[in-house]
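# Residue-level structure breakdown
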Amino acid sequence: MHDSTPTAGLDRQETLAVLIAATRAPSLHNSQPWVLRLRDGAVDVLADPARRLLVADPRGREQRVSCGAALHNVRVALLALGHRPVVTVLPDPSDPTLIGTVRPGGPRPATAAEQDRFAAIGDRHTQRDEFGSQPVSADTVRAVRGAALRGGVGLEVVTDPRAVERIAVLARRAHRVRMEDPAFRSEVARWTAWDGPRDDGVPAELGGPVLSPSSVWTPSGSAGPPGSAPRSASPLPAFLTTHTDGPREEVRAGAALQAVLLTATTHGVGVAFLTDLIEVEPMRTSVRRLLGLRRPPQIALRLGPATAGPRTPRRAPESVLAPDSDPLPD
Ligand SMILES: Cc1cc2nc3c(=O)[nH]c(=O)nc-3n(C[C@H](O)[C@H](O)[C@H](O)COP(=O)(O)O)c2cc1C
């Protein structure tokens, strides 16, 4: 059955499921900065230059992270649909917008865990409200760290309450620095859906990107008196780290980010972002120094007990197809 259709060996329903999974990936301000292409039996994820946030993301790093997350969702969807995915990252040196290609590499029955991860794509959402107050269990920390490591990316989870306090201070400072820039503020405002329905951006009723958790974050764990034993803090800051900086590592970080988010979702853990800490270089350096990180941090997160949250919109799968894509199978 799988070989009789023109698109990646998938029928129309499966192809749509793969495309929808890709579009459910997180992205900076829900900019959905990707284009998808069905070609020669593969699914390509491309960065859409028109959807890069020029002020918040001058080097395109956040866009590559977002596209890496979409690429991972394609992989997860193919696994759940019974295909072994073969993933190539940045396959064409002459085309840096081609973030990656996933090709079905033959039939392979999906495991229950793979089905759960696929289901988690639809359940996952960024934690926008306050987290619950329970500590994140050591088992969960191990599971999300394992998810990152399987993608070749480190995950440094900060549990020392004194370090958490310092990171909270740095995060607030980084957010203030960025919000002082009028160009940054007006770009943020453009991605906040202020009137009428939109299929991208962060709706105003969700707070919009302006009320980023980094601006309002007060860690619920406290450091206690000097010399006292550290108490556990919640939520926990966490940093995805790669071997080096550069586009390939950013795509890998994005794929690992999505692996972490899906694992967190299946464990009832919500995740919020602290991107200001990465994009304001002096703060990134301070985090590195504070935590003694030997590898550069690419993505800054907070992990804590999830609470239910509303969904952000997405563009319809047909409208994210590249003009030169093969058509959807009949
Ligand atoms: C690379 C990247 C950076 C992000 N940075 C932030 C951030 O600094 N603050 C924030 O509140 N959300 C941030 N987000 C989350 C997005 O706003 C969110 O993914 C998007 O609005 C879609 O919503 P969803 O994740 O609930 O599906 C980031 C997401 C990505 C992928």
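Please refer to the structure placed before this passage.
Okay, the sheet that holds strand 8 (residues 236-241) next. Spatially, 5-8-10-9 is the arrangement adopted by the four strands of the open sheet, whose pairing is antiparallel. Among the strands making up the open sheet, the edge pair consists of strand 5 (154-157) and strand 9 (269-273). Adjacent strand axes in the sheet meet at a mean angle of 30° when their direction is disregarded. Bridge count for strand 9 against strand 10 (residues 297-305) is five bridges, and the pairing is antiparallel. Bridge pairing in strand 10 links Gly270 to Gly304. Strand contacts of helix 4 (residues 138-150): strand 5, strand 8, strand 9 and strand 10, with the helix running at about 155° to strand 5, the strand carrying the most contacts.

Let us look at the site of the ligand. Around the ligand sit 19 residues, and of these Arg124, Thr126, Arg128, Thr275 and Arg314 come closest. Here an oxygen atom of the ligand sits 2.8 Å away from a polar atom, N or O, in the side chain of Arg128. When the free accessible area of the ligand is taken as 610 Å², the share hidden by the protein chains comes to 95%. Looking at which element gives the most residues to the shell around the ligand, the answer is helix 2 (residues 61-80), with three residues.

Inspection of the entire model under this criterion finds 14 salt bridges. For Glu279, the salt bridge is made with Arg61, and the minimal N-O distance between the two is 3.0 Å. Here the residue Glu279 occupies a position in helix 9 (residues 276-279), and Arg61 occupies one in helix 2, the gap between them amounting to 218 residues. As far as burial versus exposure is concerned, Glu279 and Arg61 are alike and both buried. Among the salt bridges present, the one from Asp276 reaches Arg178, with a minimum N-O distance of 2.9 Å. With Asp276 in helix 9 and Arg178 in helix 5 (residues 161-179), this pair connects stretches of sequence that are 98 residues apart. Given a relative accessible area of 7%, Asp276 falls into the buried group. Linked through salt bridges whose partners overlap, the residues forming this network are Arg37, Arg39, Asp44 and Asp324.

Conventions we followed
- Residues numbered from 1 in each chain as written.
- Predicted model: local features only at pLDDT ≥ 70, side-chain atom pairs only at ≥ 80, totals over all residues.
- Heavy atoms only, no water.
- Pairing = 2+ DSSP bridges.
- Helix = DSSP H or I, 4+ residues; strand = E, 2+ residues; numbered from the N terminus.
- Axes fitted to C-alpha atoms, helices over the stretch in contact; angles between N-to-C directions.
- Contact = heavy atoms within 4.5 Å.
- Near = heavy atom within 4 Å.
- Polar contact = N/O pair within 3.5 Å; in protein donor to acceptor, adjacent residues only side chain to side chain.
- Areas by Shrake-Rupley, 256 points an atom, 1.4 Å probe, with all protein chains shown as cover.
- Salt bridge = Lys/Arg side-chain N within 4 Å of Asp/Glu carboxyl O.
- Buried < 20%, exposed > 50% of the residue type's maximum accessible area, 1.4 Å probe, protein only.

The quantities given are spatial measurements derived from coordinates; they are silent on function.
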